[in-house]
Number of protein chains: 2
Amino acid sequence: MALVVQKYGGSSVQDAERIKRVAERIVTARKRGNDVVVVVSAMGDSTDELLDLAAQVSPLPHPRELDMLLTAGERISMALLAMAINNLGYEARSFTGSQAGMITTSKHGDARIIDVTPGRIRGALDEGAVAIVAGFQGVAQDTKNITTLGRGGSDTTAVALAAALTADECEIYTDVDGVFSADPRIVPDARRIDQITYEEMLELAASGAKVLHLRAVEYARRSGLPLRVRSSYSNKPGTLVTGSMEDLPVEQALITGVAHDRSEAKITVLSVPDEPGQAAAIFAVIAEAELNIDMIVQNISTKDSGRTDISFTLPKDDGPTAMAALQKARDHIGFSGLLYDDHIGKVSLVGAGMRSHPGVTATFCKALAEAGVNIEIISTSEIRISVVCRDTELDAAVSAVHRAFELGGQEEAVIYAGTGR
Amino acid sequence: MALVVQKYGGSSVQDAERIKRVAERIVTARKRGNDVVVVVSAMGDSTDELLDLAAQVSPLPHPRELDMLLTAGERISMALLAMAINNLGYEARSFTGSQAGMITTSKHGDARIIDVTPGRIRGALDEGAVAIVAGFQGVAQDTKNITTLGRGGSDTTAVALAAALTADECEIYTDVDGVFSADPRIVPDARRIDQITYEEMLELAASGAKVLHLRAVEYARRSGLPLRVRSSYSNKPGTLVTGSMEDLPVEQALITGVAHDRSEAKITVLSVPDEPGQAAAIFAVIAEAELNIDMIVQNISTKDSGRTDISFTLPKDDGPTAMAALQKARDHIGFSGLLYDDHIGKVSLVGAGMRSHPGVTATFCKALAEAGVNIEIISTSEIRISVVCRDTELDAAVSAVHRAFELGGQEEAVIYAGTGR
């Protein structure tokens, strides 16, 4: 008998009909003799509806109260899902994040899990019940206030709970059949990946693949928990995320997949004094505003001006804040101006095999050149190459790279769509 | 500085605009230097919407999960109300029934409060915050499951919390200006009652006056907590419920008000053997079905048949269950048939003064007779007379009695409407 944790996103439970379908799937897993814990997101658009109500009441809702409000969403979906399972003759009990022992920091809207004490979940399983747990939420260790986990919260709840319960597997149900070698909307012959290491999945998630959230993958890697991404509309096996690069056989495929990202913008700081400490001063301003940056490039100062330009990328959402913070520090840092460009795209190639194959970068750049894609910034890690190009050239870049590394397959892909939080 | 508990029903918080109005009213009370605790119901029709969702998922939703689902309603309204208060520059924190220490029995859908441990509420008040508490809900002492209190739950939450905090007053905000001498929709010159004893209010509530729930009044009486019923749309003082009949001055008005009730039905058990124990057998059947009855009348057996008819009234909702239970016991009890009549109405006259005024019953019956109302059943308590008549005659009965006891006033009444749970 195995212990399985399943996570269903908001689109999988968006109405009564889908909730009943999910209930059947859960009962099937239970019938096989498994202990089943289910983590569920809020129904479809219900979170947006609650946010809209909050906006009607206050232009800047109090974070503590916003968390209290939003957690009503999972409360509704989990109770309905438990009812639907009970209706099929199996016992199910729903638990809030607090009841399930999801102990977090007190940062409302973006709390971190610091402990998981799933005594009540264990108790429900011992009595033969399916435990349904609200994703995305917890309770702060110090204030005892209700918290939410921010982006990717429900995936993280599922992984953290599975790790605490030492589950055999954590299944993330979504509306795609698994992790693909590229976005099938751009690359029609994109291939579903059977199995992938945590490191590769982390690089793909960090590079814009939306199917799994970075935090959840990191958590699973630390716990050595096998993670399976699969569709809630089919019985296909999906993609298993497990194992370390170190354990990969030598004949492992060179490259795993191509990811892309349209969510970033580029800021260029013009004519910065080319002296030690100037880049540090710029990034200190960004860090103080609590923003994260992705790629950085500093131009070589060819002229004798003693000045240089520094460009970096960051999420578009943070663009205005970063621009305002830098503008305020202009005199202090001594740059001449700021450029803002939100028409960029990023294409990334990920594969554990590229560590030992020096020719990968050359093939990658040649493929882009032949497709007429101009590289604006390039950055690499041990198992990833990323370049920034024009957003209008992004689809062509993804296709060219996918083809150059012969990543295509025969299996028909189900079209990708956004997944729940 | 006083400690005030305010309770707002579902219609008072049915949308963002009304929530903001209620927030202003709360801030006004806070500005006067009061500590304020607010108990709030779910927004308008949101409970019905949740029930509808449950019905789509399961024909007979599991009671534990139904309570989990419904409590999302107050969670939403209380968080929004706290946001609206925060927005006005005052600190407010919302608390679920569980967080507020509403400890109950484990009977889902109809739990009873067995203890109130408002440590977190006290803490919020000590720090200068307004505490917003979800009405209608609690947590079971033994199972730790979330419970709901059933009908009148939010009023009861407010009174129980006020008693536990030894509040100076508990204000029940509703959509009428207070308790009236009769329903103003039937009697246009009905007078708002300034002050009324717990006993009289209990009799009025039990006789069909919907403005306050019986449970809440009983709880307030036991705790000696002054209760004020007032409108959330005006600044009128409303009606103060306080004090015992024993403390009333001699010159206290004879009669307080007229209540009516259209929610009952009458069952007649025909030709029951007129022997000791036969009535007991009938009511044992009703009790076993967990139904409550109101009035009972046993016909005098005039004939030598040794048989008699027994009639009783009960809530219409319980009618089918009672009929089925009696029909099953027909042979055992030995009656000849059952009659069911749901076209009855009940008019009740309540007043502490009638204890010492023997002429009240005579005036009451004469007024009804002059209005052409036929009395079918009559029952009395120390401070109440009730009669059952045809439902079509009920309005005339209420008007006639109200006029006969000169209960009318000059103050214009705001039209009565249903109040939240």
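In the block above lies the structure referred to throughout.
Keep in mind that this is a model prediction, so the values were computed, not measured. (Residues numbered from 1 in each chain as written. Chains lettered and ligands numbered in written order. Predicted model: local features only at pLDDT ≥ 70, side-chain atom pairs only at ≥ 80, totals over all residues. Heavy atoms only, no water.)

Enquirer: What exactly am I supposed to notice about the sheet that holds strand β10 (residues 195-196) of chain B here?
Expert: Adjacent strands of a sheet pair through backbone hydrogen bonds, lying either parallel or antiparallel. Residues and elements named next belong to chain B. If you trace the 8 strands from one edge of the open sheet to the other, you get β3-β6-β2-β1-β9-β11-β12-β10, paired in mixed fashion. Two strands in the sheet have a free side with no partner beyond their single neighbour: β3 (92-95) and β10. Examined bridge by bridge, strand β1 (residues 3-8) and strand β9 (residues 169-174) share 5 bridges and lie parallel to one another. By the bridge assignment, V5 is partnered in β9 with C170. Its contacts with the sheet put helix α1 (residues 16-31) on β1, β2 (35-40), β6 (130-134), β9 and β11 (227-231), and the angle it makes with β1 is roughly 170°. (Pairing = 2+ DSSP bridges. Helix = DSSP H or I, 4+ residues; strand = E, 2+ residues; numbered from the N terminus. Contact = heavy atoms within 4.5 Å. Axes fitted to C-alpha atoms, helices over the stretch in contact; angles between N-to-C directions.)

Enquirer: So what exactly am I meant to see when it comes to the relation of the copies chain B and chain A here?
Expert: For the pair chain B and chain A, the relating rotation is 179°, the translation along its axis is 0.1 Å, and the fit reaches an RMSD of 0.2 Å. Within this description, the copies of the chain are treated as partners about a two-fold rotation axis. Of the C-alpha atoms belonging to chain B, the one lying closest to the rotation axis is found on A72 of chain B, 2.4 Å away. Interface overlap between copies: 100% of the residues of chain B at the interface are likewise at the interface in chain A, consistent with a symmetric, same-surface contact. (Least-squares fit on C-alpha atoms with pLDDT ≥ 70 in both.)

Enquirer: What's the story with the layout of surface pockets in this structure? I'm lost.
Expert: Remark: the empty space left among the atoms is shown by a probe the size of a water molecule rolled over them. Size it by volume and the largest pocket reaches roughly 1,800 Å³. Forming the boundary of the largest pocket are 44 residues, of which R151, G152, H213, P315 and D317 of chain A lie nearest the centre. Only α2 (46-57), α3 (63-87), α6 (198-206), α7 (214-223) and β16 (307-315) of chain A provide two or more residues apiece to the lining of the largest pocket. Looking at the lining of the largest pocket element by element, the count peaks at 4 residues for α3 of chain A. The residue inventory of the lining of the largest pocket, partitioned by class, reads 14 nonpolar, 13 polar and 17 charged. Here the second largest pocket is characterised by a volume of approximately 1,400 Å³. When residues in the lining of the second largest pocket are grouped by element, the largest group, 3 residues, is from helix α6 (residues 198-206) of chain B. Each residue belonging to the lining of the second largest pocket can be placed in one class, and the counts come to 9 nonpolar, 8 polar and 16 charged. (1 Å grid on protein atoms, 1.4 Å probe; cavity = no way out; pocket = protein on both sides within 12 Å on 5 of 7 lines; lining within 4 Å. Points joined across faces, edges and corners; volume = space filled by probe spheres on them. Nonpolar A, V, L, I, M, F, W, Y, C, P; charged D, E, K, R; others polar.)

Enquirer: How do you make sense of α6 of chain A when you look at a structure like this?
Expert: Residues separated by three or four positions in an α-helix point in the same direction, a consequence of the helix having 3.6 residues per turn. In terms of burial, α6 of chain A is a largely internal element, 8 of the 9 residues being buried. Y198, E199, E200, M201, L202, E203, L204 and A205 of chain A are the residues of α6 of chain A that are buried. (Buried < 20%, exposed > 50% of the residue type's maximum accessible area, 1.4 Å probe, protein only.)

Enquirer: Honestly, the pattern of salt bridges in this entry has me stumped. Any pointers?
Expert: Side-chain pairs of opposite charge can arise whenever the charged atoms involved come near each other. Counted under the stated rule, the structure contains 40 salt bridges over all chains. Across the salt bridge formed by D294 of chain A and K346 of chain A, the nearest N and O atoms sit 2.6 Å from each other. Separated by 52 residues along the polypeptide, D294 of chain A in the loop between α8 (278-288) and β15 (296-298) and K346 of chain A in strand β18 (residues 344-350) bring together distant segments of the chain. For the salt bridge of R21 of chain B with E24 of chain B, the shortest nitrogen-to-oxygen distance reads 3.8 Å. Taken together, the positions of R21 of chain B and E24 of chain B, both in helix α1 and 3 residues apart, correspond to about one turn of that helix. Given the relative accessible area of 38%, E24 of chain B is considered partly exposed. (Salt bridge = Lys/Arg side-chain N within 4 Å of Asp/Glu carboxyl O.)

Enquirer: Could you clarify how one ought to interpret the packing of aromatic side chains in this entry?
Expert: The relation between two aromatic rings is expressed through the spacing of the ring centres and the mutual angle of the planes. Taken as a whole and assessed by the stated rule, the structure comprises 4 aromatic pairs over all chains. Look at F283 of chain A and F312 of chain A: their rings are 5.5 Å apart centre to centre, the planes differ by 75°, and that puts the pair in the edge-to-face class. Taken as a pair, F283 of chain A in helix α8 and F312 of chain A in strand β16 lie far apart in primary sequence, 29 residues in all. In this structure, F283 of chain A and F312 of chain A share a single accessibility class: buried. Lying across the ring of Y219 of chain A, R222 of chain A places its NZ or CZ 5.2 Å from the centre. Sitting over the ring of F95 of chain A, R64 of chain B keeps its end group 5.1 Å from the ring centre. (Phe/Tyr/Trp six-rings, centres within 6.5 Å; stacked < 30°, edge-to-face > 60°. Lys NZ or Arg CZ within 6 Å of the ring centre and 35° of its normal.)

Enquirer: I'm lost on a negative patch on the surface in this one. Help?
Expert: A cluster of acidic residues, D45, D48, E49 and D52 of chain A, forms a negative patch at the surface. Mapped onto the secondary structure, D48 of chain A falls in helix α2. (Patch = residues over 30% accessible without salt bridge, like charges linked within 9 Å, V, L, I, M, F, W, Y side chains within 5 Å. Areas by Shrake-Rupley, 256 points an atom, 1.4 Å probe, with all protein chains shown as cover. Lys, Arg positive; Asp, Glu negative; His and termini not counted. Charge placed at Lys NZ, Arg CZ, Asp CG, Glu CD.)

Enquirer: Is there a simple way to explain helix α8 (residues 278-288) of chain B in this structure?
Expert: Residues and elements named next belong to chain B. Along α8, the positions that sit buried rather than exposed are Q278, I282, F283, V285 and I286. End-on, the buried residues of α8 take up no more than an arc of 145°, which puts them together on one face. Facing away from the buried side of α8 by more than 90 degrees, the exposed set consists of A280 and E288. Contact partners of the buried residues in α8: β14 (264-273), β15 (296-298), β16 (307-315), α9 (319-328) and α10 (330-333). The first or second residue beyond α8 is E290, which carries a positive phi of 60°. (Arc of directions from axis to C-beta.)

Enquirer: Help me understand the environment of A163 of chain B in this model?
Expert: Tracing the chain through its elements places A163 of chain B in helix α5 (residues 153-164). Expressed as a C-alpha distance, the spacing of A163 of chain B and S207 of chain B, which sit 44 residues apart in the sequence, is 25 Å.

Enquirer: What's the story with the packing of helix α2 (residues 46-57) of chain B against helix α3 (residues 63-87) of chain B in this structure? I'm lost.
Expert: Think of two packed helices as two axes; the pair is described by the angle between the axes and how far apart they sit. Residues and elements named next belong to chain B. The geometry of α2 relative to α3 is characterised by a closest axis approach of 9 Å and an angle of 150° between their N-to-C directions. Put simply, α2 runs roughly antiparallel to α3. Helix-helix and strand crossings are classified by hand; for α2 and α3 the assignment is right-handed. Between α2 and α3, the residues in contact are T47, L50, L51 and A54 and L66, L69, L70 and G73, respectively. For the contact of α2 with α3, the residue count by class is 6 nonpolar, 2 polar and no charged. (Parallel < 35°, antiparallel > 145°, perpendicular 65-115°, else oblique. Left-handed = near helix turned anticlockwise from the far one by under 90°.)

In short, geometric facts, not functional conclusions.
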